[in-house]
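Remarks on the overall topology
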Amino acid sequence: MSILLLLKSLRGEMKKSRFKIWLRAFLFIQFSAIFSFYFVRDIARGYFTWGWVALLFTLFIPVGFLMSLIVPMKADLEQQAVTLSLDRVYLFLIWLLVIAKLIAGRLPAYISTADFIMCVILGIMFGRLGGIGLRVRHLKIQYGFINT
């Protein structure tokens, strides 16, 4: 019986905004590290430039920020926390982009397209992470979970 309570408690913690934000930050750092390897390699080979990486990454931050608005979240008064649910649109989009990047990266004529896709992924992830953080903070202040 105590294992069921432990699992239920763990599941509750995993829904809380703090856990979900740190998980998203960890995933963003992982993607950044992996993609940096590809950027360094492709830029050294002349397929792309750091200027394009910065420009495209920056252009897609607002897209991620807007996507943060569709993340299901609510204030849980009992737990004094904001909980987040899975956003299937974002999950599908990122998987689609990752698969497209993997395919484009295998074809020499489309390597710069793969780099473009990596910039899109990172920009969306970063913007969405920032937008979620702002929404969670707003909800916490609104429901009195934190003092301003």
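Scroll up a little and you will see the structure.
This report concerns the structure included in the present document. (Residues numbered from 1 in each chain as written. Predicted model: local features only at pLDDT ≥ 70, side-chain atom pairs only at ≥ 80, totals over all residues. Heavy atoms only, no water.)

1. A word on the pattern of salt bridges
Put simply, the rule is: Salt bridges are counted wherever a side-chain nitrogen of Lys or Arg sits within 4 Å of a carboxyl oxygen of Asp or Glu. What counts as a helix is a DSSP run of H or I of at least four residues, what counts as a strand is a run of E of at least two, and both are numbered from the N terminus. Throughout, exposure labels follow a simple rule: accessible area from a 1.4 Å probe, protein chains only, divided by the maximum for the residue type, with under 20% read as buried, over 50% as exposed, and the rest as partly exposed.
Here the structure, examined in full by the defined rule, presents 2 salt bridges. For R128, the salt bridge is made with D87, and the minimal N-O distance between the two is 3.4 Å. Of this pair, R128 sits in helix α5 (residues 111-142) while D87 sits in the loop between β2 (81-84) and α4 (88-106), and the two are 41 residues apart along the sequence. What makes D87 buried here is its relative accessible area of 5%.

2. A word on helix α3 (residues 50-67)
What counts here: Helix span, as expected, comes to 1.5 Å for every residue beyond the first. What the bend at a residue measures is the angle between two axes, fitted to the seven residues ending there and to the seven starting there. In what follows, residue pairs with any heavy atoms lying within 4.5 Å of each other are defined as contacts.
The end-to-end C-alpha distance of α3, which contains 18 residues, comes to 26 Å, matching closely the 26 Å that a straight helix rising 1.5 Å per residue would cover. Residue I61 marks the point of greatest curvature in α3, where the axis turns by about 25°; the proline P62 follows within four residues. For α3, every residue scored as buried is listed here: V53, L56, G64 and M67. Buried residues along α3 sit against α2 (17-44), α4 and α5.

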